[in-house]
Amino acid sequence: MATTFAEAAQSVEHAARLEHVSKSFAGPGGQQLVLDDISLDVAPGEFVTLLGASGCGKSTLLNLVAGLDRPSAGSITTDGRPALMFQEHALFPWLTAGKNIELALKLRGVPKGERRERAEELLSLVRLGGAYGKRVHELSGGMRQRVAMARALAQESNLLLMDEPFAALDAITRDVLHDELTRIWQETGVSVLFVTHNVREAVRLAQRVVLLSSRPGRVAREWTVDIPQPRRIEDAPVAELSLEITEVLRGEIRRHGRH
Ligand SMILES: Nc1ncnc2c1ncn2[C@@H]1O[C@H](COP(=O)(O)OP(=O)(O)O)[C@@H](O)[C@H]1O
Ligand SMILES: [Mg+2]
């Protein structure tokens, strides 16, 4: 799988390209502009985090990239159909971990005879070898998110969209999953667009942090993170850059005053 992803990734210029994307919703007081003129590229194999206060339009943006909704203006292109992972695992509770993954494989057209082995491989990739027959309620929150990650990877997309996937987990579990995600990203070469409101998480994971302002959401600033991986959330350079970004984020929030 690693080579498939890497080769596919090298053959195109962008995993995702957003050009002057705006999005409005009809509200009680007329049209509400949520995203305003967002231009953003994700390079093949790149890990980008999209950071912003709650309500600034991160999920709206990710849903547009996923093709679940259309922009009011501007254009979005992606290298194939992206895979999407949410804060809630969205696994089918009546299926085992293995069968949840096999369903994704089935939808992708993987022949029946190959699905079981592939599902086991994906479970090993997220270090859940042995969990094939487990039902969702038997798994911890962290394990569920691992299965959800395996299911997203089963789609073999060039672009993985993650909407605060670890936000509901305790700090220790989240730390472990940061390590796992970094390893999986490095092993597969998949491009990742990861949404979070957590500054340290954004810096811990990304090669590039893009900060969205609120009301409307605009690209306020971006930072290249050249701290070597694997990083720890408590590493001094991670903490330093997080502090700098937090200051800018605070300024953004103060300017909009509604938080
Ligand atoms: N389908 C919708 N209809 C109307 N308003 C929406 C819809 N989806 C999102 N919004 C509004 O867009 C804003 C951004 O929401 P969202 O993208 O969920 O923010 P975030 O993910 O950054 O917390 C919010 O004010 C929300 O109420
Ligand atoms: Mg959201």
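Not measured: the values here are computed from a predicted model. (Residues numbered from 1 in each chain as written. Chains lettered and ligands numbered in written order. Predicted model: local features only at pLDDT ≥ 70, side-chain atom pairs only at ≥ 80, totals over all residues. Heavy atoms only, no water.)

Caption draft 1: Highlighting the site of ligand 1. Contacts to ligand 1 come from F25, Q32, V34, A53, S54, G55, C56, G57, K58, S59 and T60. One of the backbone nitrogen or oxygen atoms of K58 is found 2.9 Å away from an oxygen atom of ligand 1. Counting only elements with at least two residues in the shell around ligand 1, the list comes to β2 (30–42) and α2 (58–66). Here the residues of the shell around ligand 1 are counted per class, giving four nonpolar, six polar and one charged. (Near = heavy atom within 4 Å. Polar contact = N/O pair within 3.5 Å; in protein donor to acceptor, adjacent residues only side chain to side chain. Helix = DSSP H or I, 4+ residues; strand = E, 2+ residues; numbered from the N terminus. Nonpolar A, V, L, I, M, F, W, Y, C, P; charged D, E, K, R; others polar.)

Caption draft 2: Just the nonpolar core, in detail. Core analysis: the biggest nonpolar cluster contains 52 residues, and I101, M149, M162 and F166 have the highest contact counts within it. Looking at this core, the element that brings in the most residues is helix α5 (residues 141–154), giving seven residues. Taken domain by domain, this core gets at least three of its residues from each of domain 1 (16–82 + 158–257) and domain 2 (90–156). Aside from chain neighbours lying at most four places away, what touches M162 is L62, M85, M149, L181, V192, L193, F194 and V195. Within the second largest apolar cluster, 23 residues are counted, among which are A15, A16, V65 and L161. (Core = buried A, V, L, I, M, F, W, Y, C linked by side-chain atoms within 4.5 Å. Buried < 20%, exposed > 50% of the residue type's maximum accessible area, 1.4 Å probe, protein only. Domains from an automatic or database assignment. Contact = heavy atoms within 4.5 Å.)

Caption draft 3: Structural view of helix α6 (residues 171–188). Given a rise of 1.5 Å per residue, 18 residues ought to cover 26 Å, and the 25 Å separating the end C-alpha atoms of α6 matches this to within 8%. Listing the buried residues of α6 in full gives R174, L177, H178, E180, L181, T182, R183, I184, W185 and T188. Between a side-chain oxygen at the N-terminus of α6 and the backbone nitrogen of I172 the separation is 3.1 Å; the capping residue is D170. Count one or two residues on from α6 and you reach G189, which has phi positive near 75°. (Expected span 1.5 Å × (residues − 1).)

Caption draft 4: Spotlight on the UniProt feature "domain: ABC transporter" (unreviewed entry) in the protein. UniProt's feature table lists "domain: ABC transporter" (unreviewed entry) at residues 16–241, given in the numbering used throughout. Span residues 16–241 is 35% helix and 27% strand, its end C-alpha atoms 26 Å apart. (UniProt positions renumbered as here; feature names shortened; annotations may be inferred.)

Caption draft 5: How the structure looks around the pairing of strand β8 (residues 208–212). Of all five residues making up β8, five are buried, and the element is well covered by its neighbours. Side chains R208, V210 and L212 of β8 all project onto a buried face; the interleaved residues V209 and L211 project onto the opposite face, where all are buried too. Across four bridges, strand β3 (residues 47–51) lies against β8 in parallel orientation. Considered in β8, the bridge of L50 is made with V210. Relative to strand β9 (residues 219–224), β8 runs antiparallel, the two sharing five bridges. Bridge pairing in β9 links L212 to V219. (Pairing = 2+ DSSP bridges.)

Caption draft 6: Focus on the packing of α5 against α6. In the contact formed by α5 and α6, the axes pass within 11 Å of each other and the chain directions differ by 20°. As far as their axial angle goes, α6 and α5 are roughly parallel. Between α5 and α6 lies a crossing of right-handed hand. Contact with α5, carried on its side by G142, Q145, R146, M149 and L153, involves T173, V176, L177, E180, L181 and I184 of α6 and no other residues of that element. Here the residues of the contact of α5 with α6 sort into six nonpolar, three polar and two charged. (Axes fitted to C-alpha atoms, helices over the stretch in contact; angles between N-to-C directions. Parallel < 35°, antiparallel > 145°, perpendicular 65-115°, else oblique. Left-handed = near helix turned anticlockwise from the far one by under 90°.)

Caption draft 7: Representation of the packing of aromatic side chains within the structure. Applying the stated criterion across every chain yields a total of four aromatic pairs. When the ring of F47 is compared with that of W185, the centres are 5.5 Å apart and the planes differ by 90°; the resulting orientation is edge-to-face. Here F47, found in strand β3, pairs with W185, found in helix α6; they are 138 residues apart in sequence, far enough to count as distant. The exposure classification of F47 matches that of W185, with both residues buried. Members of the aromatic cluster, each reached through a chain of ring pairs, are F47, F166, W185 and F194. Between the NZ or CZ atom of R116 and the centre of the ring of Y132, over which it lies, the distance is 3.7 Å. (Phe/Tyr/Trp six-rings, centres within 6.5 Å; stacked < 30°, edge-to-face > 60°. Lys NZ or Arg CZ within 6 Å of the ring centre and 35° of its normal.)

Caption draft 8: Just the packing of helix α3 (residues 97–107) against helix α4 (residues 112–125), in detail. Put simply, α3 and α4 touch, their axes get as near as 9 Å, and they point 120° apart. The crossing of α3 and α4 is right-handed. Listed contacts from α4 to G98, I101, E102, L105 and K106 of α3 are R115, R116, R118, A119, L122 and L123. The residue inventory of the contact of α3 with α4, partitioned by class, reads five nonpolar, one polar and five charged.

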